[in-house]
Structures are given as C-alpha cells and as structure tokens.
Amino acid sequence: MTMTLSSREFNQDTSKAKKAAKTGPVFITDRGRLAHVLLSIEQYQSLVAPAASIVDLLATPGAENIRFVAPRARKIAKAADLT
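Just so it is clear, the structure is predicted and the values come from calculations on it, not from any experiment. (Residues numbered from 1 in each chain as written. Predicted model: local features only at pLDDT ≥ 70, side-chain atom pairs only at ≥ 80, totals over all residues. Heavy atoms only, no water.)

*Asks:* Quick question: what am I supposed to make of the overall build of the protein chain here?
*Replies:* In terms of helices and strands, the protein chain carries 4 helices and 3 strands. The linear arrangement of helices and strands in the protein chain, starting from the amino end, is β-α-α-β-β-α-α. Its C-alpha atoms put the protein chain at 70 × 45 × 20 Å along the principal axes. Relative to its full complement of 83 residues, the protein chain shows a buried share of 13%. Of all intrachain contacts in the protein chain linking residues separated by at least 6 positions in sequence, the fraction that spans at least 24 positions is 11%. Of the roughly 7800 Å² that the protein chain leaves accessible, carbon and sulfur atoms contribute 57%. Averaged over its 12 positive side-chain charges, the protein chain has a centre that lies 7 Å from the centre of its 7 negative ones. (Helix = DSSP H or I, 4+ residues; strand = E, 2+ residues; numbered from the N terminus. Buried < 20%, exposed > 50% of the residue type's maximum accessible area, 1.4 Å probe, protein only. Contact = heavy atoms within 4.5 Å. Areas by Shrake-Rupley, 256 points an atom, 1.4 Å probe, with all protein chains shown as cover. Lys, Arg positive; Asp, Glu negative; His and termini not counted. Charge placed at Lys NZ, Arg CZ, Asp CG, Glu CD.)

*Asks:* Would you take a moment to explain unusual backbone geometry for this structure?
*Replies:* Most of the time, phi is negative for any residue but glycine, and the peptide bond is trans. In this model, Arg31 sits at a positive phi of 60 degrees, which is unusual for a non-glycine residue. Locating Arg31 in the fold gives a position in the loop between strand 2 (26-30) and strand 3 (33-38).

*Asks:* Mind showing me how you'd approach the pairing of strand 2 here?
*Replies:* A regular strand places its side chains so that they alternate between the two faces of the sheet. Two strands pair when backbone bridges link them, and strand 1 (residues 3-6) and strand 2 are joined in this way by 4 bridges, in the parallel orientation. Across the sheet, residue Met3 finds its bridge partner in strand 2, namely Val26. The pairing of strand 2 with strand 3 spans 5 bridges and is antiparallel. If you follow Val26 over to strand 3, its bridge partner there is Leu38. Taking the residues between adjacent antiparallel strands as the criterion, strand 2 and strand 3 are bridged by 2 residues, where Arg31 takes a positive phi near 60 degrees. (Pairing = 2+ DSSP bridges.)

*Asks:* What am I meant to see in the nonpolar core here?
*Replies:* The nonpolar side chains of a soluble globular protein tend to be buried with one another. With 6 residues, the main nonpolar core is built from Met3, Leu5, Ala17, Ala20, Ala21 and Val26. Listing elements by their share of this core, those giving two or more residues are strand 1 and helix 2 (14-21). Tallying contributions element by element places helix 2 first for this core, with 3 residues. (Core = buried A, V, L, I, M, F, W, Y, C linked by side-chain atoms within 4.5 Å.)

The analysis is restricted to geometry; functional conclusions fall outside its scope.
Structural data, given as structure tokens:
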C-alpha cells in the first residue's frame, strides 16, 4: 500500500509516515510535486542488494537438476571486407 503526504503532513505526524512505510512506500510532496520517498529498511535493502553472481547461482543446491536449453544463436557477424 502506498501513501502520499505533503511535507507539512509529514512534519506534523512522522510516526504515521513511519507506520505506513512498513506496508509500502510513502511519497512526500513539496508544493504539490513528489519530492521524497520513505521506505522501510527492508524495502531499501532489497532495492540496493547486489545481484547474485553466476557462481552463486550455480552453487545453489539442486542446480544440477535444472534443465537449461540455450536458444540458438543467430548469425550476427559479417564477413570482413579486406580490400
């Protein structure tokens, strides 16, 4: 669930904004325009978490049982013109 508050509303009731941020982003406006977003720490960390590396993915238990069929590569190279 998202919520939008004006800067004034945010300043007057920050605890309301913090509670609302537990369920979704809280947008804060300044003079009617979106200016800030308040997120819970869990939401923020999920946004900035590094992507898993291929090594980590291949080391996942059960990865050897995953069937992967690579799509056929199209011819993308052209012959070089050496004249």
